[in-house]
Amino acid sequence: MPFKKIKLLNRPYLIDLSLILVAIIWALNFSIVKVSLREMDPYSFNALRFIFATTLLWYFAHKKGYSLKVEKEHFWKLIGIGIVGNLFYQMFFIIGLNYTYAANAAVMLGTIPIWVALLSQFFTDEKLTFYKALGVFFAFAGVAFIIMGGQGDISFESDTFLGNVITLIAAVCWATYTILSRKYLRVYSPLQYSAFMSVVGLITLLIVGLPFMIKLDWAAISLIGYGGVLYSGALSIGLAYIIWNNGVKKIGAVRTAAYQNLVPVLGLIFGLVLLGEQLTTLQYIGAALVITGIVLARMKTAADQKLNLK
């Protein structure tokens, strides 16, 4: 998608298509990241992928004539939001995943739209409507059905409790980042905002990752390993963050967050088409519930029209 035509994302149907593209990128990202993490530690990986993401976002922001300078009164608030959305989220996600099952982590991250809806209700002007609330419920129920119908391990016993809690904190961090961003996306373009946030993420993750990067055996990393860093940095952070922030700006945090639950659905489709995996009845039901939830969350009301949520 050419960055020159970013304004095309203002059209409602293109916003939906672009958010589906983000879900596709993130669905593939899980497997790609796992391959790269066989060859490097997660702290070095995070720092490296943010180097690619920041370089890409800064380049296109510069090409569009955007500066990374922000209003003086916004600076420290944006720094704080960037730390929550990049440093805290990334760290809690990786640490949590290390102490729990992947299926558990998927359920925890599936609560992101719920946290976005609740936090938006109490702390922003984007209030829950009947359709939004129903959509969030359906989407999360769909994720739960998909996980329960799969063959992967899932457990909420004491041995995974710590990992579950940490991953849940990661979900809250991303939800907080999402709703706090909406206020400033009224001032800054999604591209400029994403570029600034990526710089915050790069600096903080480099501070954390530098000791690990010094010890890293760079020669032992394969082209596939570096390819995973490039994919995750350029696409799952660089391009995806622009689209995500554009969605938050144009259709609101709750509706945008609902698309996050499309990730496991697409994971099922990739497994079915690419790997020939068989789906269970619960997984088919779950996929249908997620799609239904997204459609419901996307339905407009008179209140939405007043807030210019298209």
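Sequence positions are assigned chain by chain, starting from 1 and proceeding in written order. Where totals are concerned, whole chains, interfaces and linings use all residues; where local detail is concerned, this predicted model gives features only for residues with pLDDT of at least 70, and gives and counts side-chain atom pairs only at 80 or more. Only hydrogens and water are removed before side-chain values are computed, so all heavy atoms of the structure are retained for them.

**Section: the nonpolar core**
We call a set of buried residues a nonpolar core when its members are Ala, Val, Leu, Ile, Met, Phe, Trp, Tyr or Cys and they connect through side-chain atoms within 4.5 Å of each other. Summary of the burial criterion: residues with accessible area below 20% of their type's maximum are buried, those above 50% are exposed, and those between are partly exposed, where the area comes from a 1.4 Å probe applied to protein chains only. One finds W26, L78, V116, W174, Y193 and L262 to be the most contacted residues of the largest nonpolar core, which totals 64 residues. If we ignore the near neighbours within four places in the chain, the residues touching W26 are W174, S236, A240, W244 and V263. Of all hydrophobic cores here, the second largest spans 9 residues; its members include V33, F45, M213 and I221. Only heavy atoms enter the contact rule, under which two residues are in contact if any of them lie within 4.5 Å.

**Details of the confidence of the model for the protein**
Note that predicted coordinates carrying low pLDDT should not be read in detail. pLDDT is a residue-level measure of predictor confidence that goes from 0 to 100. Mean pLDDT over the protein works out to 81, with 84% of the residues at or above the 70 mark. Segments assigned H or I by DSSP are reported as helices when at least four residues long, segments assigned E as strands when at least two residues long, and all are numbered from the N terminus. No element of the protein has a lower mean pLDDT than helix α13 (residues 302-306), at 48, and none a higher one than helix α8 (residues 190-215), at 94. Throughout residues 1-6 the model reports pLDDT below 50, and contacts reaching past four residues in sequence, or to other chains, amount to 10 contacts. In this model, residues 302-310 is a region of pLDDT below 50 whose contacts with residues beyond four sequence positions or in other chains number 22 contacts.

**Digging into α8**
A rise of 1.5 Å per residue sets the reference length of α8, with its 26 residues, at 38 Å; its end C-alpha atoms lie 36 Å apart and thus fit the reference within 8%. Working definition for bend: take the seven residues up to and ending at a residue and the seven starting at it, fit an axis to each, and measure the angle between the axes. Along α8, the largest kink reaches about 55° and is centred on G209; proline P211 follows within four residues of it. A helix is expected to span 1.5 Å multiplied by its residue count minus one.

**Points about a nonpolar patch on the surface**
Like charges within 9 Å and nonpolar side chains (Val, Leu, Ile, Met, Phe, Trp, Tyr) within 5 Å are joined into patches, using only residues over 30% in relative accessible area that form no salt bridge. A 1.4 Å probe and the Shrake-Rupley method give the accessible areas. Residues count as covered only by the protein chains that appear here. For this document, the term salt bridge refers to a Lys or Arg side-chain nitrogen within 4 Å of an Asp or Glu carboxyl oxygen. A contiguous nonpolar surface patch, about 480 Å² in accessible area, is contributed by F130, Y131, I291, V295 and M299. The set of elements that each furnish at least two residues to the nonpolar patch consists of α6 (130-149) and α12 (281-298). Mapped onto the fold, V295 is located in helix α12.

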